[in-house]
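Below, each chain spelled out in residue letters.
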Amino acid sequence: MAFEGLSERLQKVFSTLRGKGKLSEDDVRKVMREVRMALLEADVNFDVVKGFVKQVRERALGAEVMDSLSPSQQVIKIVDDELTKLMGEEAVPLNKAPHIPTIIMMVGLQGAGKTTTAGKLAKYLINNDKARPMFIAGDVYRPAAIEQLKTVAQQVGAPVYEEGTDKDPVEIVKNGLAQAAENKNDYVIIDTAGRLEIDDKLMDELARIKELAHPNEILFVADSMTGQVAAKVAHGFDEQLDITGVVLTKLDGDTRGGAALSIRSVTGKPIKFIGQGEKLDQLDVFHPDRMANRILG
Ligand code: GDP
């Protein structure tokens, strides 16, 4: 289960405070040392942990006293608030173009879940916005990627624009956008190639697609199982492409928390959706407060 280790650790830490009267500075210091360890073990980025612990400690030792809460409940509330803040506070909706089509570009490493998430997003838009999306198959390096996108597209009932694997993806995207204009599709979802790690050639290609398509959203798809590495990779993509948001996938697995808790802080970009399974309806809008509650158990 996601966050299981972290949740258990935090609950154990907080249980040591139960029944205590006013907390001493020493109590708070001890608890925060444990919280720090728990977060590091959950693979949260070191600087993020440092900032988080400092913030919680200051608030816990500060004048902030709520009569309705016991000292331990107060610490838990502060941790809850700060975890929520760390993940962005509020849900952030998808950007929408003033005139159709809204163009969404999916980027990320190979295997992160781009194609699956493209399909999920189309389904989400069809269900919630009565959208008529079209996909563009921009991953020309793996024939299997195009086939996978076609399968997904068929399942959600949306067309795919593809030109096989022999053409420059920028050209394909250009032609695809012309097709979407003709068909009056209100959303275009561009699936792009990924690699096992960031490389210049891929980044250059993605930058050229961006320049041509002027996407309203560039969604970085992050595999939450990769922990804080996901945040580092997101940062790399953001530096090159100025991403507009993140989709965190595989939160149905036994992910530890490092990606969810690091990525917003490291990139400054909102997590917009979470993937919670392989099925196409397993995409949810990301709510930082709900995620914090889930982590706290
Ligand atoms: P891409 O290479 O980035 O396009 O990644 P894919 O969309 O092909 O996904 C890689 C694998 O991850 C596939 O087996 C997907 O079924 C799986 N996957 C994607 N999203 C999720 C998710 O939210 N949960 C789980 N359990 N698996 C996922």
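Note that the structure is predicted; figures quoted are calculated from it, not measured.

### Brief notes about the overall build of the chain
Across its full length, the chain holds 11 helices and 8 strands. At 21 Å, the chain has a C-alpha radius of gyration in line with the 19 Å of a compact globule built from 297 residues. Along the first, second and third principal axes, the C-alpha atoms of the chain reach 70 × 40 × 30 Å. In the chain, which comprises 297 residues, the share counted as buried stands at 51%. Considering only contacts within the chain whose residues lie at least 6 apart along the sequence, 77% involve residues at least 24 apart. Here the chain has roughly 14,000 Å² of accessible surface; of this, 48% comes from carbon and sulfur atoms. Distance from the positive charge centre (39 side chains) to the negative charge centre (45 side chains) of the chain: 4 Å.

### A short note on the UniProt feature "domain: AAA+ ATPase" (unreviewed entry) in the chain
Feature annotation in UniProt places "domain: AAA+ ATPase" (unreviewed entry) on residues 100-278, given in this structure's numbering. Between the end C-alpha atoms of residues 100-278 the distance is 29 Å, and the span holds 46% helix and 21% strand.

### Section: helix 9 (residues 228-241)
For helix 9, which comprises 14 residues, the first-to-last C-alpha distance of 20 Å matches the rise-based estimate of 20 Å (1.5 Å per residue) to within 8%. All of the buried residues in helix 9 are Ala230, Ala231, Val233, Ala234, Gly236, Phe237, Asp238 and Leu241. In the core, the buried residues of helix 9 are packed alongside strand 1 (102-107), helix 8 (200-213), strand 5 (217-223) and helix 10 (258-267). Phi for Asp242, located one or two positions after helix 9, is positive at around 50 degrees.

### Here we look at the packing of helix 9 against helix 10
Packing of helix 9 against helix 10 leaves a shortest axis separation of 7 Å and a crossing angle of 30 degrees. Classed by the angle they form, the pair helix 9 and helix 10 counts as roughly parallel. When the axes of helix 9 and helix 10 are compared, the crossing they make is right-handed. On the side of helix 9, the interface is formed by Gln228, Ala230, Ala231, Ala234, His235 and Asp238, while helix 10 contributes Gly258, Ala259, Ser262, Ile263, Val266 and Thr267. Taken together, the residues of the contact of helix 9 with helix 10 sort by class into 6 nonpolar, 5 polar and 1 charged.

### Considerations on the layout of surface pockets
When its volume is computed, the second largest pocket comes out at roughly 200 Å³. Considering the residues around the second largest pocket, the lining is formed by 14 residues, among which Pro93, Leu94, Tyr124, Leu125 and Phe273 are closest to the centre. Elements with a contribution of two residues or more to the lining of the second largest pocket: helix 5 (114-129) and strand 7 (271-275). It is helix 5 that contributes the most residues to the lining of the second largest pocket, 4 residues altogether. The residue makeup of the lining of the second largest pocket, split by class, is 9 nonpolar, 2 polar and 3 charged.

### Details of the packing of helix 4 (residues 71-86) against helix 11 (residues 288-296)
The contact between helix 4 and helix 11 brings their axes to 8 Å, and the two run at 135 degrees. In terms of axis orientation, helix 4 runs oblique to helix 11. Helix 11 is crossed by helix 4, and the crossing has right-handed handedness. On the side of helix 4, the interface is formed by Ile76, Val79, Asp80, Leu83 and Thr84, while helix 11 contributes Pro288, Asp289, Ala292, Asn293, Ile295 and Leu296. A per-class count over the contact of helix 4 with helix 11 returns 7 nonpolar, 2 polar and 2 charged.

### A look at helix 8
With 14 residues, helix 8 extends 20 Å from end C-alpha to end C-alpha; this agrees with the ideal 20 Å at 1.5 Å per step. Along helix 8, the residues that are buried comprise Leu202, Met203, Glu205, Leu206, Ile209 and Ala213. Down the axis, helix 8 shows its buried residues gathered within 160 degrees of arc, on one side only. Among the exposed residues of helix 8, those oriented more than 90 degrees off its buried face are Asp200, Lys201 and Glu211. Where helix 8 is buried, its residues contact strand 1, strand 2 (133-138), helix 7 (169-183), strand 4 (187-192) and helix 9. Looking one or two residues past helix 8, His214 carries a phi angle of roughly 45 degrees, positive in sign.

### Regarding the confidence of the model for the chain
Across the chain, pLDDT averages 94, with 98% of residues at or above 70. Two summary scores accompany this predicted model of the complex, namely pTM at 0.96 and ipTM at 0.99.

### Overview of the site of the ligand
The environment of the ligand is formed by 18 residues, the closest being Gly111, Lys114, Thr116, Asp252 and Glu278. For the ligand, an oxygen atom lies 3.3 Å from a polar atom in the side chain of Lys120. Considering every element that reaches the shell around the ligand, the biggest residue donor is helix 5, with 4 residues. When grouped by side-chain class, the residues that make up the shell around the ligand number 2 nonpolar, 10 polar and 6 charged.

Rules used throughout
- The residue count restarts for each chain, going from 1 along the sequence in the order it is written.
- The model is predicted, so local features are restricted to residues of pLDDT at least 70 and side-chain atom pairs to those at 80 or more, both for listing and for counting; the totals for chains, interfaces and linings are taken over all residues.
- Side-chain descriptors were evaluated using all non-hydrogen atoms of the structure, hydrogens and water having been removed beforehand.
- Secondary structure elements follow DSSP: runs of H or I no shorter than four residues count as helices, runs of E no shorter than two count as strands, and numbering proceeds from the N terminus.
- The globule rule used for comparison is 2.2 Å times the number of residues to the exponent 0.38, while the radius of gyration itself is calculated over C-alpha atoms.
- Throughout this description, buried means an accessible area under 20% of the type-specific maximum (1.4 Å probe, protein chains only), exposed means over 50%, and partly exposed covers the range between.
- In what follows, residue pairs with any heavy atoms lying within 4.5 Å of each other are defined as contacts.
- Using a 1.4 Å probe, accessible areas were evaluated by the Shrake-Rupley method; residue-level cover was limited to the displayed protein chains.
- Note that His is not counted, nor are the chain ends; the positive residues are Lys and Arg, and the negative ones are Asp and Glu.
- All charge positions are set by atom: Lys at NZ, Arg at CZ, Asp at CG, Glu at CD.
- UniProt positions are given in the numbering used here, feature names are shortened, and annotations may be inferred rather than shown by experiment.
- Expected span of a helix, by definition, is 1.5 Å for each gap between consecutive residues, and there is one gap fewer than residues.
- Helix axes are fitted to C-alpha atoms over the stretch in contact, other axes to C-alpha atoms as well, and angles between N-to-C directions run from 0 to 180 degrees.
- In these notes the angle categories are as follows: under 35 degrees is roughly parallel, over 145 is roughly antiparallel, 65 to 115 is roughly perpendicular, and the rest is oblique.
- Throughout, a crossing is termed right-handed when the near helix is turned clockwise from the far one, and left-handed when it is turned anticlockwise from it by less than a right angle.
- Only Asp, Glu, Lys and Arg are considered charged, only Ala, Val, Leu, Ile, Met, Phe, Trp, Tyr, Cys and Pro nonpolar, and every remaining residue, Gly among them, polar.
- A pocket, in this scheme, is an open set of points on a 1 Å grid over the protein atoms alone with protein on both sides within 12 Å along at least 5 of 7 lines, while a cavity is a set where a 1.4 Å probe fits but cannot get out; residues line either one if an atom lies within 4 Å of a point.
- Grid points are joined across faces, edges and corners, and a volume is the space filled by probe spheres set on the points.
- What the arc describes is the spread of directions from the helix axis to the C-beta atoms.
- The predictor attaches a confidence to each residue, called pLDDT, with possible values from 0 through 100.
- One heavy atom within 4 Å of a molecule or strand is enough for the residue carrying it to be called near that molecule or strand.
- Here a polar contact is taken to be a pair of N or O atoms separated by no more than 3.5 Å, where protein atoms must pair a possible hydrogen donor with a possible acceptor and residues adjacent in sequence count only if both atoms sit in side chains.

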